[in-house]
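Breakdown of the fold
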Amino acid sequence: MKQAKREYSFWFFVGSQELYGEESLKNVADHAKAIVASLNKSGELPYPLVLKPTLITAQSIHQHFSEAGADPDCAGIITWMHTFSPAKMWIAGLKANTKPLMHLHTQFNREIPYDDIDMDFMNDNQSAHGGREYAHIVTRMGVVRKVVAGHWDDPAVKRRVASWMRTAVGIVESRHLRVMRVADNMRDVAVTEGDKVEAQLKFGWQVDYWPVNQLAEAVGAVSKADTDRLVEEYYARYDVILDGRDPKEFKKHVAVQAQMELGFERFLQEKGYHAIVTHFDDLGALKQMPGLAIQRLMEKGYGFGAEGDWKTAALVRLMKLMTRDIKGAKGTSMLEDYTYNLAPGKEGILQAHMLEICPTLAQNKPAIRCEHLLMGGKEDPARLVFTSKTGPGVAVSLVDMGTRFRMIIAEVDCKANDKPMPKLPVATVFWTPRPDFATGVESWILAGGAHHTAFSYDLTSEQMADWAEHMGVEALVIGEGTTIKGFKQEMMLGQAFYR
Ligand code: MN
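Residues numbered from 1 in each chain as written. Predicted model: local features only at pLDDT ≥ 70, side-chain atom pairs only at ≥ 80, totals over all residues. Heavy atoms only, no water.

1. Points about the environment of leucine 476
As for its placement among the helices and strands, leucine 476 is situated in strand β19 (residues 474-478). By relative accessible area, leucine 476 is classed as buried at 0%. Note: C-alpha distance between leucine 476 and methionine 102 (374 residues apart in sequence) is 22 Å. (Helix = DSSP H or I, 4+ residues; strand = E, 2+ residues; numbered from the N terminus. Buried < 20%, exposed > 50% of the residue type's maximum accessible area, 1.4 Å probe, protein only.)

2. Brief notes about the sheet that holds strand β2 (residues 49-51)
Pairing is parallel across the open sheet formed by five strands, whose spatial order is β2-β1-β3-β4-β5. If you trace the sheet from one side to the other, it starts and ends with β2 and β5 (146-149), each paired once. On average, each strand axis in the sheet is inclined to that of its neighbour by 25 degrees, with strand direction left out of account. Strands β1 (9-15), β2 and β3 (74-81) of the sheet are contacted by helix α1 (residues 22-41), whose axis makes an angle of about 165 degrees with β2. (Pairing = 2+ DSSP bridges. Axes fitted to C-alpha atoms, helices over the stretch in contact; angles between N-to-C directions. Contact = heavy atoms within 4.5 Å.)

3. Let's talk about the side chain of asparagine 97
Of note, asparagine 97 is situated in the loop between α3 (91-96) and β4 (101-105). What makes asparagine 97 buried here is its relative accessible area of 15%. In contact with asparagine 97, not counting residues within four places along its chain, are Phe65 and Ile77.

4. A closer look at helix α10 (residues 247-271)
In an α-helix, one full turn covers 3.6 residues, which means residues spaced three or four apart are oriented alike. Helix length check: α10, at 25 residues, gives a terminal C-alpha distance of 36 Å against a target of 36 Å (1.5 Å per residue), a fit within 8%. Downstream of α10 by one or two residues, glycine 272 has phi in the positive range, about 75 degrees. (Expected span 1.5 Å × (residues − 1).)

5. A word on the sheet that holds strand β9 (residues 275-277)
If you trace the four strands from one edge of the open sheet to the other, you get β7-β6-β9-β10, paired in parallel fashion. Of all strands in the sheet, those bounded by a partner on one side alone are β7 (206-209) and β10 (303-305). For this sheet the average axis-to-axis angle between neighbouring strands, irrespective of direction, equals 20 degrees. Alignment of strand β6 (residues 178-181) against β7, held across four bridges, turns out to be parallel. Its bridge partner being in β7, valine 179 is matched across the sheet by valine 207.

6. What to know about the coordination of the manganese ion
Taken together, Glu307 (OE), Glu336 (OE), His353 (NE2) and His452 (NE2) make up the protein donors of the manganese ion, found 2.1 to 2.2 Å from the metal. For the manganese ion, the donor residues sit on a single chain with the sequence spacing E-x28-E-x16-H-x98-H. You can see glutamate 307 sitting in the loop between β10 and α12 (310-322) and its partner histidine 353 sitting in the loop between β12 (348-352) and β13 (367-370), a full 46 residues away along the chain. Across this residue pair, the class does not change: glutamate 307 and histidine 353 are buried. (Donors = N, O, S within 2.8 Å, 3.2 Å for Na, K, Ca; no water.)

7. Some remarks on the packing of aromatic side chains
Enumeration over the complete set of coordinates arrives at 20 aromatic pairs. Between tryptophan 11 and phenylalanine 13, the aromatic rings sit 6.5 Å apart at their centres with planes inclined by 50 degrees, giving tilted as the arrangement. Tryptophan 11 sits in the buried class, given a relative accessible area of 7%. Its relative accessible area of 0% is what places phenylalanine 13 among the buried residues. With centroids separated by 6.3 Å and ring planes inclined at 20 degrees, the aromatic side chains of tryptophan 205 and tryptophan 467 adopt a geometry described as stacked. Taken together, the residues tryptophan 205 in the loop between α7 (196-203) and β7 and tryptophan 467 in helix α14 (residues 461-471) connect sequence positions 262 residues apart. Overall, the relative accessible area of 0% leaves tryptophan 205 in the buried class. Overall, tryptophan 467 belongs to the buried group, its relative accessible area being 0%. Put simply, the rings of Trp11, Phe13, Phe65, Trp90 and Tyr134 pair up and form one aromatic cluster. Here the basic side chain of lysine 52 rests over the ring of tryptophan 11, its NZ or CZ set 3.9 Å away from the ring centre. In this structure, lysine 251 packs its charged tip against the face of tyrosine 235, placed 4.7 Å from the ring centre. (Phe/Tyr/Trp six-rings, centres within 6.5 Å; stacked < 30°, edge-to-face > 60°. Lys NZ or Arg CZ within 6 Å of the ring centre and 35° of its normal.)

8. Regarding the pairing of β3
Of all eight residues in β3, eight are buried, a share of seventy percent or more. Across seven bridges, the pairing between β1 and β3 is parallel. What sits directly across from phenylalanine 10, in β3, is glycine 76. In the sheet, β3 pairs with β4 via three bridges, with the strands oriented parallel. Each residue of the ladder has a partner; that of isoleucine 78, found in β4, is methionine 102. Since β3 and β4 lie parallel, the crossover through α3 that links them has a hand, and here it is right-handed. (Right-handed = clockwise from strand over helix to strand, strands pointing away.)

Below, the structure written as structure tokens:
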């Protein structure tokens, strides 16, 4: 990813008190050290965990939360109550906290030592007791936190800690995310609209307008040499499907996209933006609708939304950051619900867009195609075409309900197409929503979810719902276990709760 990368770490706070004496506190410190070392060594965690001194006074608790808040590299705090840490000591610290918070509800020993257990052991190892005291005050204060319960050495617990770390990075990155709009939302379209001031208050997103012709000037300033070099890179990396076009003429169209990729990226970097929206109806002096150029920028980690859809652009950017450096990552992109397959047993939704699908989703080597585009009235744009990977993923939509935001998160299963679609000159994904086609689609429709989504193979509905909870917005998950009756009740509750 081209954007500056923070060396994030997470801080590990262990709660105790002086009541149990020196020896007990030494045990607490030793156990914490062993747990942190093991978690760091496991290779599961995407970011390092940093052990802080055992917290036994209100002053030191407050001081550590404040220090975490002042450190831009601290992406979150994981707390663990080894013994009983009276929770009034935590009030000032929790009030001062600005970082994503987890309560790792674990204990050092896995099994009760039946033959040797005595009251000294009980006093040393009482997470079940101390964790409840701490949890009470966190709940009473209404502080959003993730709770993970289980033995720290269990692979499932490590995976949950690791996956929450990615959510936490999404939360802290959201606070300074900047989206560039070089066009307004498409005329008359409702679902891509939204309150940008409220989005900045809730999520931290700065969404700014720039005249498209300033962007076009930056594109025009890219040299022919730089453009040609990138075209060569494209030709080395992708297949070319000429569709009967003259190879030289075809290459000229590709070069327009290469020049746009370079010009857009320079402009975004110069102005300090992480995501961009375009609109086919407002292209100014740009020669083509940006297709391949946008696809490549998404691959580099920029967010993108079409037709002025800044909410989706911001989400794509965040989900790219949340999935950064995942080994074997399968991809993250903006998508659009296009057309259904309603053949019995094969029900699903074909996802595509007029051009802009991120090539990280590609199953095989993408190919460049160049074809007339009905929208925009510009030159025929070059774009990357491919079919996408199979397997589970999440599709996320953020809508403005007028007085508040709602996030809709669908669990989907991506499947191979039955047959190739040689006449379709765009990248596609085909999926069936969970729990089944009808329930999944009906729930989405009832929730007022958009046709644009931010999609990832590499995130879970739990991660996205946790992100929304932290932001204080409603999250509706459509997945395993969803029923229309239950979903309607959930929406009614949300209607009452989120105002
Ligand atoms: Mn669209």
